[in-house]
Each structure stands twice: as C-alpha cells, then as structure tokens.
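Here's the letter readout for the chains.
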Amino acid sequence: MSDALASAADYADAESADGTRRAYASDFRDFHTWCRGVGAASLPASVETVAAYFAVLADRGLKVSTIDRRSAAIGWVHRRAGFEPPVNAETVKSVLRGIRRTIGEAKRQKAPATVDAIALMMRRVPKTLAGRRDRALLLVGFAGALRRSELVGLMVPDLERLPQGLILHIRKSKTDQTGQGHQIPIPRGGKLKVVESLDAWLAAANISDGPVFRAVHGDRVALVALSDRSVARIVQSYAAAAGLDGETFGGHSLRAGFVTSALSDGADLLKVMDVTRHRDMRTLKAYDRRAKAFKDHAGKGFL
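Residues numbered from 1 in each chain as written. Predicted model: local features only at pLDDT ≥ 70, side-chain atom pairs only at ≥ 80, totals over all residues. Heavy atoms only, no water.

Colleague: What is the right way to look at the overall build of the protein chain in this model?
Modeller: Along the protein chain, the regular secondary structure elements total 13 helices and five strands. Looking at the 303 residues of the protein chain, the share that counts as buried comes to 41%. Relative to all contacts within the protein chain whose residues are 6 or more apart in sequence, the contacts with residues 24 or more apart total 58%. Carbon and sulfur atoms make up 52% of the accessible area of the protein chain, which amounts to about 17300 Å² in all. (Helix = DSSP H or I, 4+ residues; strand = E, 2+ residues; numbered from the N terminus. Buried < 20%, exposed > 50% of the residue type's maximum accessible area, 1.4 Å probe, protein only. Contact = heavy atoms within 4.5 Å. Areas by Shrake-Rupley, 256 points an atom, 1.4 Å probe, with all protein chains shown as cover.)

This is the structure in structure tokens:
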C-alpha cells in the first residue's frame, strides 16, 4: 500500500511542471515561516490566517502578481495534502480583490524581439563557439516561436530534416502537459538562415545526440542542457549589445517577437497559431493590435 501511495504522489507531482513546483515550494515556505512567527498553523491553514497573510504582504509593498502566486501555492499545497484550500473561501477572495483594487498593477510584458531586433542582435554575435550557440539559439527560438523551456528541452532526435527546412518535435510544453507533442516547421529560408546556423553550431560543438543547446566554457561544451534562465540572460545580453534596453527583454521575447513580426507582415492569424500553438485566438489579438498600432491610425492625416 505504501508503494502505491508513493507512486500516486509521484503522478500528482507530475501534474505540474518542475519550475512551477519549485516556485510553489518557495512561496509556501514563506507562508509557513510567517505562520510559525505568528503562532498559526500553515497546513491546514485557516481562512483568517491566509487573509491576514495576504494583507501583510500587501502592506509590505509586494506586487499583486507575487501575492497571486503565493495564493496559488497555498491552494496547491492544500489540495495535494487533501485539504480544502482556504484560498477558495469568499473571505480570502474578497481580500485579494481589495488588494488588487487598492495597489493595482499594470501587467508588464517583455518587449518582443522582432525580426528587426533579431537582425541587430545577429550583428553582435562573436565568431566563437559560444557565439555559434547563441546565434542558433536566438534564431531557432525566434523562428519556432518557442517558449524558453521548449528551447532548452530540444534534443538532437527532435530535429527532423527535410529539403524545405526543419521540423522541431516538441515533446512537452505549457499547453501540452500530457506529452502528446507538437511539430513546428522552420523553413530553410534565405535571410536569417536559421537551419544553417543550427547546423553550424552542432558541427562546431560536435553534438550528435543529447541536448541541442548546452553551456560552453571556452572550447569545452557541457553534456547537459542550458537552464531556461540562461535563455533569458542570453536574450537580454544581446539586446543590450545591440543598443536596445536589455532589461525590457527576456526569454519570452523570442516567441513574442515572432508573433509580432508575422502579424505585422500580414500573416493570417490561423497560420500564426499553427506555429505558436495558441489555443485561443484572443490571446493573439493583443499582439495584432501592437503590430498594427500605427497602420491606418486615426490621426495620421493631421498629426
């Protein structure tokens, strides 16, 4: 019975991505530490305790997004332990609504690394082994509209080569937690030369199996994949080197940049969704508005 219970716990853990579980664990530790300081139980926690905790966080000046994440963590831990999440209580929901109304928070998205930004970044890539990796990583991430976890999760067997280009087999993603997989075509093209850059990196690094994108130390290539945080750092460093505001860029910039560039170029929304794998067209509408913000502007005739 104990083995079966342990197995069940493992399957329950697999419900969420590794990064999500780590974030929840960190957030719940903060809640547990606070509870211990005030002499309250953290598991199961009372509705009053959780409401007071969120009020304290708001008084400390924490962002709404941080408080929302703590709420998700508390709910997740309680569900895993078989308790009714106190965050489901109307009292707690009311406190959270009041916090949002009082301190607010504009949703800040990372700047899109559009095709123009990518072109600027490419001019700053050095002719080194690490430079070859960075060029391939930036171009593949952009052309495939990949999330950073998908990018670092690529393995050599996931690369299917065809005369027209490359098909990336994404084993698992944010919208495919059951691992059914996605196939993303990347044309060979003649401008950015994505496939050519990827092949140059693999050849220079002598990679024929295992992770595609790895850490580089001088002329030595690591055996393990880069972390997803490394993707954000690489994007930011090249954006800054290209004269852009590096702080406004991140790992999501490559994905957002493809969407913005494709829509600005007049691509059909459904064709864009074929690449990005968005399930809801409304998600792309925000990108569409940005891409066409100045097209047929109401004031273009007199401003």
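Colleague: Is there a simple way to explain the pattern of salt bridges in this structure?
Modeller: It is possible for side chains bearing opposite charge to pair when their charged atoms get close. What the rule picks out here adds up to nine salt bridges. For R70, the salt bridge is made with D30, and the minimal N-O distance between the two is 3.0 Å. Here R70, found in helix α4 (residues 64-80), pairs with D30, found in helix α2 (residues 18-38); they are 40 residues apart in sequence, far enough to count as distant. A salt bridge links R147 to E150, with the shortest nitrogen-to-oxygen separation between them at 2.7 Å. Of the two residues, R147 and E150, neither departs from the other in class, the shared state being buried. (Salt bridge = Lys/Arg side-chain N within 4 Å of Asp/Glu carboxyl O.)

Colleague: What is the right way to read the nonpolar core from this model?
Modeller: As a rule of thumb, nonpolar side chains are buried together in soluble globular proteins. With 54 residues, the main nonpolar core has V140, L168, L198, W201 and F213 as its most contacted residues. The element that contributes the greatest number of residues to this core is helix α7 (residues 129-143), accounting for eight residues. Beyond its immediate stretch of four places on either side in the chain, V140 contacts L146, L151, L154, L168, I186, V194, L198 and F213. In terms of nonpolar packing, the next biggest core, distinct from the first, is built from 21 residues, A45, V50, A58 and I67 among them. (Core = buried A, V, L, I, M, F, W, Y, C linked by side-chain atoms within 4.5 Å.)

Colleague: So what exactly am I meant to see when it comes to the confidence of the model for the protein chain here?
Modeller: Low-confidence regions, as indicated by low pLDDT, have predicted coordinates that should not be scrutinised in detail. Averaged over every residue, the pLDDT of the protein chain is 85; the share at 70 or more is 83%. The low-confidence segment residues 1-16 (pLDDT under 50) makes ten contacts with residues lying over four places distant or belonging to another chain. (pLDDT = per-residue confidence, 0-100.)

Colleague: What am I meant to see in the packing of aromatic side chains here?
Modeller: Within a pair of aromatic rings, the relevant descriptors are the distance that separates the centres and the angle that separates the planes. Applying the stated criterion across every chain, the model contains six aromatic pairs. Ring plane angle 45 degrees and centroid distance 5.4 Å describe the contact between Y24 and W76, whose orientation is recorded as tilted. One end of the pair, Y24, is in helix α2; the other, W76, is in helix α4, and 52 residues separate them in sequence. Lying across the ring of W76, R80 places its NZ or CZ 5.8 Å from the centre. (Phe/Tyr/Trp six-rings, centres within 6.5 Å; stacked < 30°, edge-to-face > 60°. Lys NZ or Arg CZ within 6 Å of the ring centre and 35° of its normal.)

Colleague: Is there a simple way to think about the environment of P126 in this case?
Modeller: By the element assignment, P126 lies in the loop between α6 (115-122) and α7. Classification of P126 as partly exposed rests on a relative accessible area of 37%. For P126, the residues in contact, after removing those within four places along its chain, are G131, R132 and Y238.

Colleague: How do you make sense of the packing of α7 against helix α11 (residues 252-264) when you look at a structure like this?
Modeller: The angle between the axes and the distance between the axes are what describe a pair of packed helices. Here α7 crosses α11 at 50 degrees, and the two axes come no closer than 7 Å. The pairing of α7 with α11 is recorded here as oblique in orientation. Along this stretch, α7 crosses α11, giving a crossing that reads as right-handed. Contacts between α7 and α11 pair L137, L138, G141, F142 and A143 from the former with L254, R255, G257, F258 and S261 from the latter. Within the contact of α7 with α11, the residues separate by chemical class into six nonpolar, three polar and one charged. (Axes fitted to C-alpha atoms, helices over the stretch in contact; angles between N-to-C directions. Parallel < 35°, antiparallel > 145°, perpendicular 65-115°, else oblique. Left-handed = near helix turned anticlockwise from the far one by under 90°. Nonpolar A, V, L, I, M, F, W, Y, C, P; charged D, E, K, R; others polar.)

Colleague: Could you clarify how one ought to interpret the packing of α6 against α7 in this entry?
Modeller: With their axes 11 Å apart at the nearest point, α6 and α7 run at an angle of 170 degrees to one another. Classed by the angle they form, the pair α6 and α7 counts as roughly antiparallel. Each of V115, I118 and M122 in α6 lies in contact with α7, whose residues at this interface are R135, L138, L139 and F142. Looking at the contact of α6 with α7 residue by residue, the class counts come to six nonpolar, no polar and one charged.

Colleague: How should α7 be read in this particular structure?
Modeller: Along an α-helix, residues three or four positions apart point the same way, because every turn accommodates 3.6 residues. Here α7 spans 21 Å end to end across 15 residues, near enough to the 21 Å set by a 1.5 Å rise per residue. With twelve of its 15 residues buried, α7 lies for the most part within the structure. Taken together, the buried positions of α7 are L129, G131, R133, D134, A136, L137, L138, L139, V140, G141, F142 and A143. (Expected span 1.5 Å × (residues − 1).)

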